[in-house]
Every structure is written in structure tokens, then in C-alpha cells.
Amino acid sequence: MSISRPRRSRLATIAALVAASVLVAGCNAVDLLRPPAAVTAQGHEISRLYDIVLAIAAVVFVLVEGLIVFAVVRYRRKPSDSSLPPQIHGNNVLEVVWTVIPTLLVAVMFLLSFESLNKVDAVANTTDVRIRAVAAQFQWTFQYLAPDGQTVLFEQLAPEMAVPVSRTVHLSLRSKDVIHAFYVPQFLFKRDVVPGRENVFEFNVDAADAGQTFSGQCAELCGVYHDTMLFKVHALSPEAYDAWLQEQIAAARATPPPAASAAPGQTQIDLTAKNIAYDKTSLEAPAGQPFSIKFQNDDPAVSHNVAIRDAGGQEIFRGEIFPGIDARTYPIPALAAGTYSFSCTVHSNMTGTLTVK
Amino acid sequence: MALQSTTAVASHTGTTGHAREGGISNVILGMILFITSEVMFFAGLFAAYFNVRATAPGGWPPAEFVGKLHVFPLVGVATTLLIISSVTCQMGVWGIRRGDHTALVRSIGITVVLGAIFLVMQATDYLALYGDGVRLDAGTFGTTYYTLTGFHGAHVLAGVLMLSVVLYRSMAGQFSKEHHDMVEAVSIYWHFVDVVWIVLFSTLYLIPNPA
Amino acid sequence: MATTALTPAYAGRRAGLYDWLTTTDHKKIGILYLLNSFVLFFVGGMFALVVRLELAQPGLQFLKEAAYNQAFTIHASLMIFLFIIPILAGFGNYIVPLMIGAPDMAFPRINALSFWMLPLAALLMLSGFLTDGGAAAAGWTSYSPLAQAKYSGVGTDLWIVAVLLIGTSSILGAVNFLVTIFKMRAPGMTMFRLPIMVWTMLVTSLLVLLATPVLASALIMLFIDRNYGGHFFDPATGGNAILWQNVFWFYSHPAVYIMILPAMGIISEVLPVFSRKPLFGYKAFVFATAGIGALGFSVWAHHMFTTGAVYLPFFSFMTFLIAIPTGVKMFNWIATMFRGQLTFSTPLLFALGFLTMFLIGGINGAFSAAVPVDFALHDTYWVVAHLHYVLFGGSVFGVFAGLYYWFPKMFGRMLNETLGKIHFVLMFVGFNLTFFPMHILGLEGMPRRIANYAPGQADWTALNLLATIGGFTIALSMLPFLWNVLVSLRSGPLAGDDPWEGNTLEWATSSPPPPYNFDHLPEIRSERPVFDVRHGLGKGRTH
Ligand code: HEA
Ligand code: HEA
Ligand code: CUA
Ligand SMILES: [Cu+2]
């Protein structure tokens, strides 16, 4: 088997063709290698920087990988190669070239990222939309603060945060125990929630995204149920946000209704939460009459509740969220026969089915 | 084996005591390198100490520990003894370099005793401090104090043990003017332990607080 | 004066169990390192497969969260502390004395001690599974306060003690390597004639010497916090949570170069031999290796960009800089192949695997150097992709290149080339199938260290399934490898002294080498003494 010269250049041609088609396919694949569309001004900035880094990386990758493939294809040993190839020990000009070019590339990348860091990390501290996210094993709560940045107007026990679009939101982060991280993929941003220090950052949701909901998740391993620390960010138009805010403030001022106890003769269902799980995954209740759920939360300091959704996913009941160890009796209105689901608002992985018949 | 040009290898007895190239011996070089790693170990502890000290909310030492650490009499004397022991240790080294066995045995013997006294004094000091409320779990102050001095003490203990081996071997006449790498190596270690103490002592007892 | 002390007569293959347990011969200790590390690679791989099985679908199938967290923590701890770091030390142990023409390591008994701490450490770490709270579960980074006694059980204490033992073993090993390299070189073996493999072991040992003790101090402080009421790292009692991260990464970033430099050394031996050319830019390699080692101490906080507690521009800048010496190496490796005559034996295939995959791992690491980009990527599967592209695509491919390359020297027999190629192809395909999709998962926002992810999250399910299939393909690739080793040990074709036409001194002695390694040494006039002899370039040629 002797490979003659023309054959070898044919090999090179094939390699070039393969490389070219990989490149074309690569262009289609590029979108897979880009982050999701950003929804904040800061996210757009990060996205722009990412694209530049990706472009430089792609060029470096194709070039270097191309050189490797070329060497492999072009310089295979042939049976006719009995004498040694030229014994080249090095070349100082080349060394300088491939030191200087990467240096320039990384210098460019550093300057660009430095510039964009200053934008992303800027905290003007002038807005009056001030929210404090409080993380604890294993839940998020959101405290809405007065413009002084201290007074808590009200606290959202459900891991849901409403923010106005087009206005700067000032978010401060506190941890009650271990390190967590506030992460919303569509913000292209995360920040650790470190006990003993208060981290802050600001963001501006795009006006076009009013009405959208973004999901977020704790991104720092914080213990067994780290994977259950989900939360949501609702983007509201400024008007809707203000209305919502006033509503919540009013609700917080109102005295809480007396804890309902089960009316005599009414069906009562027992349900317990422990280790971020319900003890039962299916419940049964009578159709067409009110009943109650006696809910025992056995997770110390962890908040749970019971919420009920109909088959269409519409929430028809949301019980009070409260930290363990404690109990509540939830009065449930009459339901039509059918299958419902129940879940914990704080921990969306805690679910079960409620059969009403 | 088609090796055309070969040179005979220097004899391989499998023992590795001595360097072929001259310069310092394997054992001494090994000890110096090991001490380098020890320096980094203490650097880690010191980094933690300075971090904790710099971020202590109410200044340093925290109010409840002000005036609890006393240089005199115990710690001051112990420090002096440790410094003297470095000198006696070095006298032993000089002795054996001259081939003077008596000087070696005598000096190393004194060094071992001084090291042991240091340990006893440190233990006594610990007892007193413990009674005075300075405990390992008493805030960052107690934790850093005992961790730093404790690990230094452990090194003194290791040094005393190594010196005892040296002492035993010198009494058995195993060292000579030409062959005493172990004495040299252990003495370097002992000086290192001494230097760590001086740094540690200055840090814990002397560096004043930038109010 | 050749008092070749070959008594007792060469005992090589016939050595009994007792010989192996008590040996102080660097070659046997090196082989013990390899064996021990490979066993733990398989154990660590099993944990990886458990992780992959759980993630194949959304929801919790086989494991509860508690078990999952133990699985990935022990997976990573075994792979890093008990597989990749020791196996590279194992290669160093076997090959460094041979390469510099020394009879053994400087301190043979300390060498044996360093080794025997490792199986003990492995048992300690794994025994965590027998305790009530299970094994360590705070990730291999063991961040405080999560790693405090309040949040994690005895498994974490066992983990701390195990890692301390491994660290001590590494430090003793590093002292040994350094003294061996500085003091035991054969006549003529000047520093600039040392094989690059030896240079990488030298720099690696310096990194171990300077970085590992800092980890030891951190572990001890954590242990005091956990067991004696200390207050170093828990803010709830006056400590500082970020302090742990600073000390841990001050060790662990240099440690990632401890995990790659020797593999780079292996590649730098394999590429020239199978290209029939000298290494291009020998001195550039030396300086780049030293540069990586030095820069490695100034980038640690790039793991802490999102903590809000570090000075970002400095660490970003230093992290970018580290791409430069690494790039110099990459280009020199490629230039080594240019105008050469490449023989595609299995060692070269794995070396090429290293080049192509480490390139990806290096580049996707450089993404994170751009701090705002890291705000998006940190703690997502992107980082998991990065670390496997460098550690598996780099170090593990390098390990296999070295194994296929030196196996004939170690055991006197050749491995089967066909099985080797099957191994390579399966591993290469499986590797990319497992870890490439993780880039996309990371960008789409899948955090690492989660046992469960919601169904219907974009295409997480499909990508995770792909990764799981890939993981099992890697496992499958180990079968032809194991088969190859077992069969070849007994009946592979005899290798002879120098089957690959090697360059360095280990090829000048028999396979396997006798105790104390050499009867005669060739004259050393360049960094390729055996090449010089083969081509009669003895006298007069200077490098
Ligand atoms: C073998 C181990 C190894 C190696 C060699 C590297 C090499 C590098 N690593 Fe990696 N890294 C890890 C192991 C390793 N890493 C691990 C285990 C983690 C995760 C830890 C954890 O959290 O569990 C991690 C995490 C990690 C992070 C933190 C990510 C995060 O958590 O958010 C960062 C951030 O900057 C980073 C950067 C880099 C860089 C810049 C290099 C550079 O050294 C790479 C340089 C190489 C190249 C760039 C390719 C060749 C160069 C050229 C061809 C020249 C031209 C190139 C350019 C101009 C770009 N690494
Ligand atoms: C050298 C280091 C190394 C290596 C080689 C590997 C190898 C693998 N890793 Fe590892 N991994 C890490 C280091 C490494 N990993 C680190 C540092 C982390 C971070 C942990 C943390 O967050 O704390 C991590 C985390 C990590 C995760 C993320 C977990 C999470 O964040 O939740 C995943 C997920 O898929 C994963 C998968 C794999 C797989 C599939 C392999 C495969 O390559 C494994 C291949 C399989 C085998 C080798 C099995 C052996 C063979 C058989 C079982 C069959 C034959 C056997 C016999 C006949 C006996 N790894
Ligand atoms: Cu909170 Cu992870
Ligand atoms: Cu790093």
C-alpha cells in the first residue's frame, strides 16, 4: 500500500471539504451555543459581550483545530519514509508570533469585559423599587422595602417576586443560614447570597416584557433540597406594579383573619409535610361540599403550604404559607367532582393529586 | 540493545544518602523543601488570623479578651528559652562539624530539655488561660489563638522528638565530622520552629491594634 | 567500575505479594499508584454513572436528593484527589528516575509511605457511606457554612481527614521528586536536557509544595470549626464564609495545574516520538510550564466572581493571561507534528485526543474569565462541561496516552493496537456525547448539583438523555481497554527495549527495567540521548 503524492493531496481536499461542511453546520449550530434572549438591560449587555467572546473563541477554535487536522492528514508516515524528517528544534520568530497574537486577543477580551462589567455591576442606588431577597434552607422570601431601604412594607412568603418593567430594581440579598445564589437564566445573571454580608445589584426589565414571568432557581449548593429552591419573577407594567404594591401593603396592614377551624360535621383531611415532601401524594374529598385540610408542617423553620389547582392548572385555593413546626387548618370551598392537583407554593416539587367525588 | 556509545554508570548501591554532584545533601535539601511547605501551612493559618482580626466587628482583641494575654512571666520566659535552644542546637552542629562528639551530645541534650520545658510552660499557660475564659470555642479570638499556638506547639513537639532521635544516635556514636546530615537537617527544622514562634509571638502579643 | 548491583537476581514478574506490599522500588511503587488510581477511577466512574442515570429523565427516579448530593461529591473527590492527582504522580514515580538516569527516587521509603496513605484515605472517604448521615455531600469544594457540623454529618469529617492524608502524601511526594530531580540526574543530564515530562513534574511538585499545605491548613480549621467549636468559617458565630473560599481556591486553582501539567508532559513525550521529530520549542515549553505555574497562584478568585467579595478586574485579567503560555504549548505541539512522519499508534491517538479536547476545555474556560459572562455561566452545566473537557479531555486522555506509551516498558509486552483503537474511538465519541451537550444545558440555565429538574424546561430532557448515553459509552470503552491489559500482560508480543524508537533514557534499559534501572547509560548530549545513540549523533552535537 503506497500512497502517492496525488492521493495525498486528494486526502487534503477531502479534509478541506469536511472542514467546510462542519463550518456550515456549525453556523446553524451557533444559535445553540448562545444564551437565551435576555430580558434586562444588563442581560443585553452580557449577551453582547458573550457574542464577541464566542466569535473570538470560534475563530481560535477553527484555526487551531484546523491546524491539528491538517497536520494529521498531511504528515502521516508513509512506507517510503525511511529517512528521518527534518529535525527542526524550534523557531524564535514563530514563538513570538504565537505569543503576541493570543496576547492581543486576550487583551481585547479583557478590555471589553472590563467595560461591560462596569455597566452590569453599576449600582446607582437612586431607585425606590427596593426588594430584599431572603434565602434560607430551602426557600426564598421577598421583602418589599420602603424607599429608605430598611423598613419592610410586606413580605412575600411565596417564592414569587413582582417587579416593574422600565424601572430600576434594587435587589439586596440576605441569607439566614448557608450560601445560596439568586439566579434567573433570562437575566443572564446570578449573585451569591452569602451569610454575613449583604450583596446588592440592580436591573432593568425591558418594557416589552411586561406580563411575562421568568423562572429562577438557587444556583449554589445549599444542602439536601438545593434543587427545590425555585422562584418566579413576574414583570408588571409600572401601573400594574403600583396597583399590586398598594394591594399588598393594604393586605399586610389588615389584621389576619382568625384561624378557621373545621365546622362540625365537615370532612377533615390530614396532610403532613416533612423533609420537603408531603406524607401523602393522593387525597380524597367529597364533592359539592366544603371541607378542610389539617396541614401539619414538620420541617423546622421551612415554610410550606397547600395550594389546589383544577385540571386546567388554574389555582383555586392557596393556603397560608407558614414556617414549621406548626399547623394550620385550611377551609376549602365546595369543589365539583373531578381530579385536582395540590402542591406547595414554596416547593413546586411537592405535589399530589386530590380526587373529589 | 544497539547502543553504540555508552558510559559506565556510577556505582549503584541503592543507598541514596549522598549527592553525586556535591552541594548540599539530599537529606538537607529535602528538609529545606519540606520546611517550605510548612511555611505555606502556617501562612494559611496566619491568613485566617489576619482576616478574622481585620473584620472583627468591635476591634481586636474583642472587648471580653482585652488584657487576657500576658507576656510575663510565662510566655516571655518560654520565648527566651526557645531562642536560647536554637543557639544550643547550633552549637551542637558546630561541634560535630569539628568532630567534637561531647559538644554534640551536650548541646543537643540541653536543646531537648529546653524544648520540653517550653512545652510544659505552654501547657501551663493554656491551663491558666482556660481558667480565665480564653477557650478554643470562645469566639474567633480563642479559636485563632489556640489554633496558631497549638500547631506551633505540635511542631515543637515534633522537633523535640526528632532531636531526641539525634541525641540517641549521637550517644550511640553514629555521627562523624563527615557524616552528620541528620544533625544538620534537624537543626534547620528547629531553627524554623523557633522563627515561627518569634513571628507568632510578635503577632499575637506585640502587634498593636490600629485603634 | 560498573558494580551493577543486580543481586538478588532480577525478580520482576515473579515478585510475590509480600514484595509488592513492602517494596521501595520506584517502579513498583509507580505501578501500585497506577493500579490504585485505576480502581478508584472505576469507583468514581460508577458514581458518575449513578449521577447520569438519575439525570437521564426529569423527576427523581432512583435517588433521593440526599443520596444524589453524596454521589456527585464522592464522584468528584475520588476523581480529583484519588484518581487524577495520584495517577500522574504514579507516572512521575515510574518514569522520572528512569528519564534522568537515576537508580531510584531520593527517598525510597518515604516514597512507599506516600503511596500507602492513598488506599487508606480512599477507605476513610468511602466509609462515610456507612455512617448515619451518609458520606460527604457538600460538593468537592466543601463550602462553609454548608460543611459545618450544623448542616452535614460525620461523612464530612471523614472526607476532611481523607483529603488531609492525601495532601500529606502529595507533599512528601513533591519533596521526593524535587530532590530526585535536583540531585540525582545522571552525568550530562543538565537541566535543559531534562525531558519535558520531568520539567512538568518539577513544576507540579513546586505547586504541590506551595499550595497543598494551604489546603491542609484550611481543612484543619474546618475540622476545628466542626468538632471543637471553632469560629473560622461560620458567620453565624463570627467567622467568615468567604474566607474558606479564598483559602480553598488558593490551593485548588494551582491544583488544576497539578492535574494537567504532568499530562502535558506525557503529550510532550509522545508527540515527538510518533512524529519522528524533536519537540518544537523545547525552551518555550520550559518557560511556558513555569509561567503557568507562577500565574496559577494569582487567579484563584475566578471561582468566586459571583460572591460579590473579590476584586473582579484583577482576577479577570490574570485569568485571561493564563491562556497565553497554554497557547504557546498548544502551538508548539502542533508545530512538532508539522513536517513530521506521524504513525497513528494508540498513544498518538490519545495524544491527539488531548490536543483537540483540551483546546475546547481551555477555550470554554476562557469564557468565564470575562466576568459578566461568568455571571451567566457560573454554577451551571457550562462549568461542568469546562471541567470535564480539561480534566477528562485533557488529563484523562493524557493518562491513557501515557499508559499505552509506557505499558511496554513497564511490563515488557505490547498492548493490542486494534483493541486500543476501539477503546480510543468509543471513548472519544462517548466523551463528546456526554459533555458537549452540557454547554447548551448551561447556557439554557441548568444549574449544577441538582438531582431534579423540571420537565418541559426547554430541551433539558433530550440533552440530559444524550449525556447519559455518552456516559455509558465511556464506560463501555473501558471494556476493550481492560481486556487488552489483562490479555497483553500474559501473552502480548514481547516489546524489546525500545519498541517506539523513543528519545529518552527509559528506552535505553530493558523492558521492564532491572532494579536500579541501568547497567549502562548512553552518553547524554541533548534532550534526546537515545535518539542520538540510534542515529550515531554522539559527539560534538550541541543542542
Ligand atoms: C485540569 C484542570 C483545569 C485546567 C487546566 C483549567 C484551565 C482553565 N480554567 Fe478551569 N476549572 C477546572 C479545572 C481546570 N481548569 C475545574 C475543575 C473547575 C470547576 C471547579 C468547581 O467549581 O467545581 C474550573 C473552573 C473554572 C472557572 C470558574 C468557573 C465558574 O465556576 O464560574 C474559571 C473562570 O475563569 C476557569 C478558567 C480556566 C482558564 C482560563 C483556564 C486556562 O488555563 C485554559 C487555557 C487554555 C486555552 C485557552 C487553550 C489553548 C490556548 C490557545 C489556543 C491560545 C489562544 C486562546 C485564546 C486567545 C483564548 N476554570
Ligand atoms: C478527573 C476528574 C473527573 C472525571 C474523569 C469525571 C468523569 C465523569 N464525570 Fe465528573 N465531575 C468531576 C470530575 C471528573 N468527572 C468534578 C470535579 C465534578 C464537580 C463535582 C461537584 O460539583 O462538586 C464532576 C461532576 C460531574 C457531574 C455534575 C454533577 C452535578 O453537578 O450535579 C456529572 C454529570 O453528569 C459528571 C459526569 C461524569 C461522567 C459521566 C464521567 C465519565 O467520564 C465517567 C466514565 C465512567 C467510568 C470510567 C466507569 C467505569 C467503567 C465501568 C463501570 C464499566 C466497566 C467496569 C468494570 C468491568 C469493572 N461529573
Ligand atoms: Cu439555596 Cu441552593
Ligand atoms: Cu481555577
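Just so we're clear, the structure is a prediction, and the values are computed from it rather than from any experiment.

Participant: Any chance you could break down the site of ligand 1 for me, citing the residues and the numbers?
Facilitator: Near ligand 1 lie 30 residues; those nearest to it are C:Trp140, C:Tyr257, C:Asp374, C:His378 and C:His386. Chains contributing residues to the immediate surroundings of ligand 1 are chains A and C. At 2.8 Å, a side-chain N or O of C:Tyr257 approaches an oxygen atom of ligand 1. Note that an oxygen atom of ligand 1 is positioned 2.8 Å from one of the side-chain N or O atoms of C:Arg448. Those elements that place two or more of their residues in the shell around ligand 1 are helix 3 (92–120) of chain A together with helix 7 (241–258), helix 11 (323–337), helix 12 (346–369) and helix 14 (381–411) of chain C. It is helix 12 of chain C that provides the largest number of residues to the shell around ligand 1, a total of 7 residues.

Participant: Residue-level account of the interface of chain A and chain C, with values.
Facilitator: Frequently, the measure chosen for interface size is the accessible area that the parts lose on association. Listed per partner, the contact involves 78 residues of chain A and 88 residues of chain C. In total, chain A and chain C occlude about 7100 Å² of area from one another, counting both sides; carbon and sulfur atoms represent 70% of this. Sorting the residues of chain A by area buried against chain C places A:Tyr75, A:His89 and A:Leu221 first, and these three jointly supply 10% of that buried surface. The interface formed by chain A and chain C holds 1 salt bridge in total. Here A:Glu220 and C:Arg449 are joined by a salt bridge, their closest N and O atoms 4.0 Å apart. Elements supplying a minimum of two residues to the side of chain A that touches chain C: helix 2 (41–74), helix 3, strand 7 (189–193) and strand 9 (213–218) of chain A.

Participant: Would you mind going over the pattern of salt bridges in detail, with residue names and values included?
Facilitator: In this structure the tally under the stated criterion is 24 salt bridges over all chains. The salt bridge involving C:Glu417 is made with C:Lys421; its shortest N-O contact spans 3.4 Å. A residue pair is termed a helical-turn pair when its members lie 3 or 4 positions apart in one helix, as C:Glu417 and C:Lys421 do in helix 15 (residues 417–443) at 4 residues. Here the salt bridges do not stand alone but share partners, grouping A:Asp31, A:Arg34 and A:Asp51 into one network.

Participant: Describe the pairing of strand 10 (residues 230–236) of chain A, listing the residues and the values that go with them.
Facilitator: Residue and element names in this part refer to chain A. Across 5 bridges, the pairing between strand 4 (residues 160–164) and strand 10 is parallel. By the bridge assignment, Ala 162 is partnered in strand 10 with His 234. Of the pairings in the sheet, the one linking strand 9 to strand 10 comprises 5 bridges and is antiparallel in character. Counterpart to Phe 214 in the pairing with strand 10 is Val 233.

Participant: Outline the packing of aromatic side chains, listing residues and values.
Facilitator: Residue and element names in this part refer to chain C. Counted under the stated rule, the structure contains 98 aromatic pairs over all chains. An angle of 70 degrees between the planes, with centres 4.7 Å apart, marks the rings of Tyr 389 and Phe 431 as edge-to-face. Placement of the pair is Tyr 389 in helix 14 and Phe 431 in helix 15, with a sequence separation of 42 residues. Comparing Tyr 389 with Phe 431 shows no difference in burial state: the two are buried. A ring pair is formed by Phe 392 and Phe 397, whose centres lie 6.1 Å apart and whose planes are at 70 degrees; its orientation type is edge-to-face. Exposure class is identical for Phe 392 and Phe 397. Each is buried. Between Lys 283 and the ring centre of Phe 192, over which it is positioned, the NZ or CZ distance is 4.6 Å.

Participant: So what's going on with the coordination of the iron atom of ligand 1? Which residues, and what values?
Facilitator: Residue and element names in this part refer to chain C. In this structure, the iron atom of ligand 1 receives exactly one donor atom from the protein: His 386 (NE2), at 2.1 Å. In this structure, the iron atom of ligand 1 lies 4.4 Å from the copper ion (ligand 4). With respect to the element layout, His 386 can be found in helix 14.

The rules we used
Residues numbered from 1 in each chain as written. Chains lettered and ligands numbered in written order. Predicted model: local features only at pLDDT ≥ 70, side-chain atom pairs only at ≥ 80, totals over all residues. Heavy atoms only, no water. Near = heavy atom within 4 Å. Polar contact = N/O pair within 3.5 Å; in protein donor to acceptor, adjacent residues only side chain to side chain. Helix = DSSP H or I, 4+ residues; strand = E, 2+ residues; numbered from the N terminus. Contact = heavy atoms within 4.5 Å. Buried area = accessible area lost by both parts, 1.4 Å probe. Salt bridge = Lys/Arg side-chain N within 4 Å of Asp/Glu carboxyl O. Pairing = 2+ DSSP bridges. Phe/Tyr/Trp six-rings, centres within 6.5 Å; stacked < 30°, edge-to-face > 60°. Buried < 20%, exposed > 50% of the residue type's maximum accessible area, 1.4 Å probe, protein only. Lys NZ or Arg CZ within 6 Å of the ring centre and 35° of its normal. Donors = N, O, S within 2.8 Å, 3.2 Å for Na, K, Ca; no water.

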